[in-house]
Amino acid sequence: MYEKITPPPTGEKITFQNGEPIVPDNPIVPFIRGDGTGIDIWPATEKVLDAAVARAYNEKRKISWFKVYAGDEACDLYGTYQYLPQDTLTAIKEYGIAIKGPLTTPVGGGIRSLNVALRQIFDLYACVRPCRYYAGTPSPHKSPDKLDVIVYRENTEDIYLGIEWKQGSEIGERLISILNKDLIPATPEHGKKQIPLDAGIGIKPISRSGSQRLVRRALKHALQLPKEKQQVTLVHKGNIMKYTEGAFRDWGYELATQEFRAECVTERESWILGNKEKNPQISLEENARMIDPGFDNLTPEKKAQIVKEVETVINSIWSTHGDGQWKDKVMVNDRIADSIFQQIQTRPDEYSILATMNLNGDYLSDAAAAIVGGLGMGPGANIGDSCAIFEATHGTAPKHAGLDKINPGSVILSGVMMLEYMGWQEAADLIKRGLGASIADGKVTYDLARLMEPPVEPLKCSEFADAIIQQFNC
Ligand SMILES: NC(=O)C1=CN([C@@H]2O[C@H](COP(=O)(O)OP(=O)(O)OC[C@H]3O[C@@H](n4cnc5c(N)ncnc54)[C@H](OP(=O)(O)O)[C@@H]3O)[C@@H](O)[C@H]2O)C=CC1
Ligand SMILES: O=C(O)CCC(=O)C(=O)O
Ligand SMILES: [Mg+2]
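Residues numbered from 1 in each chain as written. Chains lettered and ligands numbered in written order. Predicted model: local features only at pLDDT ≥ 70, side-chain atom pairs only at ≥ 80, totals over all residues. Heavy atoms only, no water.

### Considering the UniProt feature "binding site: D-threo-isocitrate" (unreviewed entry) in the protein
At step 1: Residues given the UniProt feature "binding site: D-threo-isocitrate" (unreviewed entry) here are Ser113, Asn115, Arg119, Arg129 and Arg153.
At step 2: Position of Arg119 relative to the elements: it lies in helix α4 (residues 114–121).
At step 3: Those residues in contact with Arg119 that sit more than four places away from it in its chain are Leu124, Arg129, Arg153, Asn155, Thr156, Asn382 and Glu391.
At step 4: Considering the arrangement of structural elements, one finds Arg153 in strand β7 (residues 148–154). (UniProt positions renumbered as here; feature names shortened; annotations may be inferred. Helix = DSSP H or I, 4+ residues; strand = E, 2+ residues; numbered from the N terminus. Contact = heavy atoms within 4.5 Å.)

If you want it as structure tokens, here you go:
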């Protein structure tokens, strides 16, 4: 079955039922070490996860690690350009849950991202990246403790589908010519626009099905959170990209108000209901004027449309959501992408789950991780309906590779997410407590040490792992 790898002699497979993993006490879990600093981070992570599981379950549970290959290590074993061997794909498919270190992607030319390929091959459509603050972590931000968000990033489409043509390529030039001569002139809203003949071209597909399955997962997650965090914000640049990013917003609201009608309220609905609660006699038109500040300057058709919206909301959900009942529902709102970057800094405590398309989520998860202490503290999970791969938000950080220096925190915390996904909460909690206590003691790697006041002597990557494990006994 495998060409060059052998599964561990003991252990059982994780299976999936209705999208949920069924985990034996001794599961086999494939891992990819990763390129660059993967060589430092992975051993530290494995040590912490093993120690936590042994301690939490008195040796009754144990992960049997199955080493599989991708990136540079794969080429060393399987040969030139064998960056993602079939063995690795077979193992992840067979065992269902895997964890990985970062993999290199060259800029401009060369191979396309192996990280993105894994997400697409296994249809891991939700990239879940929590950004929360551990007490004592130094941060460039004044009140990092106020940020506690989870980026829910669509993980399979958008420009990451990688359908693009190089400037000057034959097909690229043909496509530009067809667009300029036929398709753009045939679309009145595009007027006389033309694409420069020396442009590269990329395609940005955003589908209704892809958007809605992501938002569905985000809403289900929101329902598990404490009441005050039950909110999903749809992040988009729909003012500019109306039929891709704008459609993502519209499909998100559509899904929320159709599939989660009893459990959710949209921000606009909450304004309409709130206006009527404050003034039970308010007319539909006055209510419409209050939710749309530019109402009086609108065309009669647009005004009628907003009045109709108010009427529909009152008629359809007043009995279930009115009189303040909406305050107990999941709030679904939306924010324009550039604005959310400043909002998570200026009003961090107003946000919870940020549902995004692929590119926005990529940017936003690095930015949010920076607020709570940097990329060394940014874990992540790629989740589908029958497979999950856990990995940090950051990349290979090549300048630090092999120095036993880098912060393993984000891959360790990705391991925590994996344990939680497996239902091994006790082991996950042990690590979170250990990591938090180590940081609070000032026992940290260089990235956090350099920001601490007064400065502290940094631990090595491996020493940080040991410091976390030592806390298990406290
Ligand atoms: N999922 C994946 O596997 C990903 C892979 N990549 C790939 O990684 C490669 C390198 O990307 P690059 O743009 O340099 O981004 P990286 O995220 O790898 O690193 C950028 C900088 O972030 C900081 N950083 C990253 N990881 C850590 C950590 N664990 N602890 C502390 N600080 C950290 C370091 O800053 P400083 O030096 O200031 O301390 C580092 O130099 C590229 O090929 C890229 O495509 C990128 C993202 C995700
Ligand atoms: O695949 C890559 O090289 C980069 C991916 C990335 O930045 C991410 O997933 O956050
Ligand atoms: Mg990224």
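The structure having been displayed, the exposition proceeds.
### A look at the site of ligand 2
At step 1: As a structural note, the neighbourhood of ligand 2 is formed by Thr105, Ser113, Asn115, Arg119, Arg129, Arg153, Asp362 and Thr393.
At step 2: One nitrogen or oxygen atom from the side chain of Arg129 is found 2.9 Å from an oxygen atom belonging to ligand 2.
At step 3: Contact distances for ligand 2 include 3.1 Å between an oxygen atom and a side-chain N or O atom of Arg153.
At step 4: Notes on ligand 2: free accessible area 290 Å², of which the protein chains cover 75%.
At step 5: Of the residues that constitute the shell around ligand 2, the class distribution is no nonpolar, four polar and four charged. (Near = heavy atom within 4 Å. Polar contact = N/O pair within 3.5 Å; in protein donor to acceptor, adjacent residues only side chain to side chain. Areas by Shrake-Rupley, 256 points an atom, 1.4 Å probe, with all protein chains shown as cover. Nonpolar A, V, L, I, M, F, W, Y, C, P; charged D, E, K, R; others polar.)

### Re the site of ligand 1
At step 1: Around ligand 1 lies a shell of 23 residues, among which Gly395, Ala397, His400, Asn407 and Tyr446 are the nearest.
At step 2: Alone, ligand 1 offers 880 Å² of accessible surface; in the complex the protein occludes 71% of this.
At step 3: Within the residue set of the shell around ligand 1, elements represented by two or more residues are α4 and α15 (446–449).

### Let's talk about the domain arrangement of the protein
At step 1: Segmenting the protein into domains produces domain 1 (1–127 + 373–473), domain 2 (139–154 + 208–263 + 329–369), domain 3 (164–202) and domain 4 (269–328).
At step 2: One C-alpha centre belongs to domain 1, the other to domain 3, and the line joining them spans 43 Å. (Domains from an automatic or database assignment.)

### Regarding the pairing of strand β13 (residues 353–356)
At step 1: Of the two faces of β13, the one carrying Ile353 and Ala355 and the one carrying Leu354 and Thr356 are both buried.
At step 2: Relative to β13, β7 is paired through four bridges, and the arrangement is parallel. Across the sheet, the residue bridging to Arg153 is Thr356, located in β13.
At step 3: Bridge count between strand β10 (residues 231–236) and β13: three bridges; the pairing is parallel. Bridging across to β13, Leu234 finds its partner in Ala355. (Buried < 20%, exposed > 50% of the residue type's maximum accessible area, 1.4 Å probe, protein only. Pairing = 2+ DSSP bridges.)

### Details of the packing of helix α8 (residues 267–278) against helix α9 (residues 284–291)
At step 1: Their axes nearest at 10 Å, the elements α8 and α9 cross at an angle of 130°. Relative to α9, the element α8 is oriented oblique. Two packed elements cross with a definite hand, and for α8 against α9 that hand is right-handed. Along its contact with α8, which presents Arg268, Trp271, Ile272, Asn275 and Lys276, the element α9 presents Asn287, Met290 and Ile291.
At step 2: Residue composition of the contact of α8 with α9, grouped by class: four nonpolar, two polar and two charged. (Axes fitted to C-alpha atoms, helices over the stretch in contact; angles between N-to-C directions. Parallel < 35°, antiparallel > 145°, perpendicular 65-115°, else oblique. Left-handed = near helix turned anticlockwise from the far one by under 90°.)

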